[in-house]
Amino acid sequence: MQDISLHLLDIIENSVRAKAKNIKIRIIRNMQENILRLIVEDDGTGMDAQTLEKAQDPFYTSKVEREKKVGLGIPLVKQNAEATNGSFKMTSEPGFGTVLTVDFQLNHIDRMPLGNLKDTLLGAIIGHPEVDFTIKLISNEGGVEKSFFFETTAIKEELGDIPLTYPDVIEFINQTILEGIQNTNMEDV
Amino acid sequence: MKTLADLKKIREKAQEEMKLRGGNTRIKVVVGMGTSGIAMGAREVMKTFLEEIANRNLTDVLVTQTGEKGLSSLEPVVDVIEEGKPKVTYGNMTPEKVKKVVIEHIVNGRIVSDYVVATGN
């Protein structure tokens, strides 16, 4: 994976595969604490302690045998976070869901760029109409906090039976997320 | 700044259109979004489909994402599913190939056989 938002996409797909109906994503950029933090919380099937440990092992995958080609998503993001003096934490409870917290040291030379967050979020939201997304971007620069909050439930309620792939809806979501990213200075992180 | 009032207008417009043409989804596109697909550029493939749909105003096409499809060496992989016809799977997709599939297959109904890696269910 070349950037953090590709890791985010992979994490989101894990949540979807775990049958999550709600996925909450928070991205926090804090200059004083020198941290770029990614938190993904889902209400999917969750994992017991043993599976949780295995999920962080590069040679494990939850996918069935036929598809057992790659199980590297989680171990890779863990490795990439730790390479920046950051940290990786995953907690889970069967029947309740999973919470993943990944910290990157913001100014570390080995930290990957955040990358194209807009395309990650746009694709995930439209590509999974069955899932409700809550997204919060928070940027703290010199004590000034800027934030962007977005939830898909309000949009879906307003749209009724109009699909998210309706051309004007794609444009609406695209534009809203783009403005949110720009307003929280997340474009070139 | 986009607001929910904009969405209301979009819904009214879409509902009018649906009344006129019956409101069915004609074609479903499914983009494989497993770890290897993502690493091979599936996000850009997804994005290009969405862009093309918006730009060409294709109101009867649905695009979704799915996990690993067991075709890792052919990622990014895309299924195009048209009602009453066998499923067509395209492999090694790029944004350029997506544009061609949209215009040839989705708009004009001609399968782009050069990119097909599987057909049927």
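Residues numbered from 1 in each chain as written. Chains lettered and ligands numbered in written order. Predicted model: local features only at pLDDT ≥ 70, side-chain atom pairs only at ≥ 80, totals over all residues. Heavy atoms only, no water.

## Thoughts on the overall build of chain B
In terms of helices and strands, chain B carries four helices and five strands. Listing the helices and strands of chain B from first to last along the sequence gives α-β-α-α-β-β-β-α-β. Relative to its 121 residues, chain B shows a buried fraction of 46%. Nonlocal contacts in chain B, meaning residues at least 24 apart in sequence, comprise 62% of its contacts between residues at least 6 apart. For chain B, the exposed surface amounts to about 5800 Å²; the carbon and sulfur share of it is 49%. One finds the centroid of the 19 positive side-chain charges in chain B at a distance of 3 Å from the centroid of its 16 negative side-chain charges. (Helix = DSSP H or I, 4+ residues; strand = E, 2+ residues; numbered from the N terminus. Buried < 20%, exposed > 50% of the residue type's maximum accessible area, 1.4 Å probe, protein only. Contact = heavy atoms within 4.5 Å. Areas by Shrake-Rupley, 256 points an atom, 1.4 Å probe, with all protein chains shown as cover. Lys, Arg positive; Asp, Glu negative; His and termini not counted. Charge placed at Lys NZ, Arg CZ, Asp CG, Glu CD.)

## Some remarks on the overall build of chain A
When helices and strands are counted, chain A shows six helices and six strands. The C-alpha radius of gyration of chain A comes to 17 Å, within 12% of the 16 Å expected for a compact globule of 189 residues. By its C-alpha atoms, chain A is 45 × 45 × 25 Å across when sized along the principal axes. Here the analysis covers contacts within chain A between residues at least 6 apart in sequence; of these, 62% occur between residues at least 24 apart. Accessible surface, chain A as shown: approximately 8500 Å² in total, 49% of it carbon and sulfur. When the 19 basic and 30 acidic side-chain charges of chain A are each reduced to a single mean position, those positions are 5 Å apart. (Rg over C-alpha atoms; globule rule 2.2 N^0.38 Å.)

## Considering the interface of chain A and chain B
In this complex, chain A contributes 46 residues to the contact, which on the side of chain B involves 39 residues. Buried surface at the junction of chain A and chain B, both sides included, amounts to about 3700 Å², of which 64% is carbon and sulfur. Three residues stand out in chain A for area buried against chain B, namely A:Glu158, A:Tyr166 and A:Phe172, and they jointly supply 19% of the buried area on that side. At the junction of chain A and chain B, the tally comes to four salt bridges. Among the ionic pairs, B:Lys13 bridges to A:Asp168, the shortest N-O distance being 2.7 Å. (Buried area = accessible area lost by both parts, 1.4 Å probe. Salt bridge = Lys/Arg side-chain N within 4 Å of Asp/Glu carboxyl O.)

## Details of the confidence of the model for chain B
Residues with a pLDDT of 70 or more make up 98% of chain B, whose mean pLDDT is 92. On the interface metric, ipTM, the complex scores 0.91, and its pTM is 0.92. (pLDDT = per-residue confidence, 0-100.)

## Re the pattern of salt bridges
The tally for this structure, following the rule as stated, stands at 18 salt bridges over all chains. Between A:Arg29 and A:Glu141 there is a salt bridge whose closest N-O contact spans 3.4 Å. Residue A:Arg29 is found in strand 1 (residues 22–30), and its partner A:Glu141 is found in strand 5 (residues 132–141); the two are separated by 112 residues along the sequence. Taking the relative accessible area as the measure of exposure, A:Glu141 reaches 32% and is therefore partly exposed. For the salt bridge of B:Lys85 with B:Glu82, the shortest nitrogen-to-oxygen distance reads 3.3 Å.

## Considering the nonpolar core
Ranked by internal contacts, the top residues of the largest apolar core, which has 83 residues, are A:Ile25, A:Ile173, B:Val31 and B:Phe49. In this structure, B:Phe49 is in contact with B:Val29, B:Val31, B:Val63, B:Val78, B:Val98, B:Val102 and B:Ile106, ignoring residues within four places of it in sequence. (Core = buried A, V, L, I, M, F, W, Y, C linked by side-chain atoms within 4.5 Å.)

## Here we look at the packing of aromatic side chains
Taken as a whole and assessed by the stated rule, the structure comprises one aromatic pair over all chains. Ring plane angle 25° and centroid distance 6.1 Å describe the contact between A:Phe148 and A:Phe150, whose orientation is recorded as stacked. By relative accessible area, which is 6% here, A:Phe150 ends up buried. Its end group placed over the ring of B:Tyr115, B:Lys97 keeps NZ or CZ at 5.1 Å from the ring centre. (Phe/Tyr/Trp six-rings, centres within 6.5 Å; stacked < 30°, edge-to-face > 60°. Lys NZ or Arg CZ within 6 Å of the ring centre and 35° of its normal.)

## Considering the sheet that holds strand 3 (residues 87–93) of chain A
Residue and element names in this part refer to chain A. Across the sheet, which stays open at both edges, the six strands sit in the order 3-4-2-1-5-6 with mixed pairing between neighbours. The open sheet has two edge strands, strand 3 and strand 6 (144–151), and neither has a second partner. Across the sheet, the axes of successive neighbouring strands diverge by a mean angle of 10°, strand direction being ignored. Here eight bridges tie strand 1 to strand 2 (residues 35–42), and the two strands are oriented antiparallel to one another. (Pairing = 2+ DSSP bridges. Axes fitted to C-alpha atoms, helices over the stretch in contact; angles between N-to-C directions.)

## Comments concerning the packing of helix 6 (residues 167–183) of chain A against helix 1 (residues 4–21) of chain B
Working note: a packed helix pair is described by the angle between its axes plus the distance between those axes. Relative to each other, helix 6 of chain A and helix 1 of chain B sit at 165°, their axes nearing to 10 Å. On the basis of the axis angle, helix 6 of chain A is roughly antiparallel to helix 1 of chain B. As helix 6 of chain A packs across helix 1 of chain B, the resulting crossing turns out to be left-handed. Judged by residue contacts, A:Asp168, A:Val169 and A:Phe172 of helix 6 of chain A engage B:Asp6, B:Leu7, B:Ile10 and B:Lys13 from helix 1 of chain B. Taken together, the residues that form the contact of helix 6 of chain A with helix 1 of chain B break down as four nonpolar, no polar and three charged. (Parallel < 35°, antiparallel > 145°, perpendicular 65-115°, else oblique. Left-handed = near helix turned anticlockwise from the far one by under 90°. Nonpolar A, V, L, I, M, F, W, Y, C, P; charged D, E, K, R; others polar.)

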